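# Close look at the chain arrangement
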Amino acid sequence: MGHEQAGRVENDLRVSAYPVREVSYGGEVSFSVAVGENEVASFTEWVATLTAGRATVDLGAEIHVPES
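A brief report on the enclosed structure follows.

## A closer look at helix α2 (residues 40-50)
Along α2, the positions that sit buried rather than exposed are Phe43, Val47 and Leu50. One side of α2 carries all its buried residues, which in axial view fall inside an arc of 70°. Across from the buried face of α2, at angles greater than 90 degrees, the exposed residues are Ala41, Glu45 and Thr49. Against α1 (3-14) and β2 (29-33) lie the buried residues of α2.

Written out as structure tokens, the structure reads:
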């Protein structure tokens, strides 16, 4: 996403149920966020609403997190 939205989006992510793993600032800003397999659709919708459709969600590597 563009830098103009990144601060607000990062703040909203940090207080959400989706843990931020990494933030990369370059020409654009990208966030690596941990999202459960069954939450991808709702997360994608949440991001679209939050950014008025200006950000995209790209699925990264699938990782296994053991249940505690």
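The structure having been displayed, the exposition proceeds.
## A word on the packing of aromatic side chains
If you walk through the whole model with that rule in mind, you get three aromatic pairs. Considering the side-chain rings of Tyr18 and Trp46, the 5.6 Å spacing of their centres and the 50° angle between planes classify their relative orientation as tilted. Here Tyr18, found in the loop between α1 and β1 (20-25), pairs with Trp46, found in helix α2; they are 28 residues apart in sequence, far enough to count as distant. You can call Tyr18 buried: its relative accessible area is 11%.

## Some words on the environment of Thr49
Counting through the fold element by element, Thr49 comes out in helix α2. Classification of Thr49 by relative accessible area gives exposed; the value is 63%. It is 14 Å that separates the C-alpha atoms of Thr49 and Met1, two residues lying 48 residues apart in sequence.

What counts, and at which threshold
- Residues numbered from 1 in each chain as written.
- Predicted model: local features only at pLDDT ≥ 70, side-chain atom pairs only at ≥ 80, totals over all residues.
- Heavy atoms only, no water.
- Buried < 20%, exposed > 50% of the residue type's maximum accessible area, 1.4 Å probe, protein only.
- Helix = DSSP H or I, 4+ residues; strand = E, 2+ residues; numbered from the N terminus.
- Arc of directions from axis to C-beta.
- Contact = heavy atoms within 4.5 Å.
- Phe/Tyr/Trp six-rings, centres within 6.5 Å; stacked < 30°, edge-to-face > 60°.

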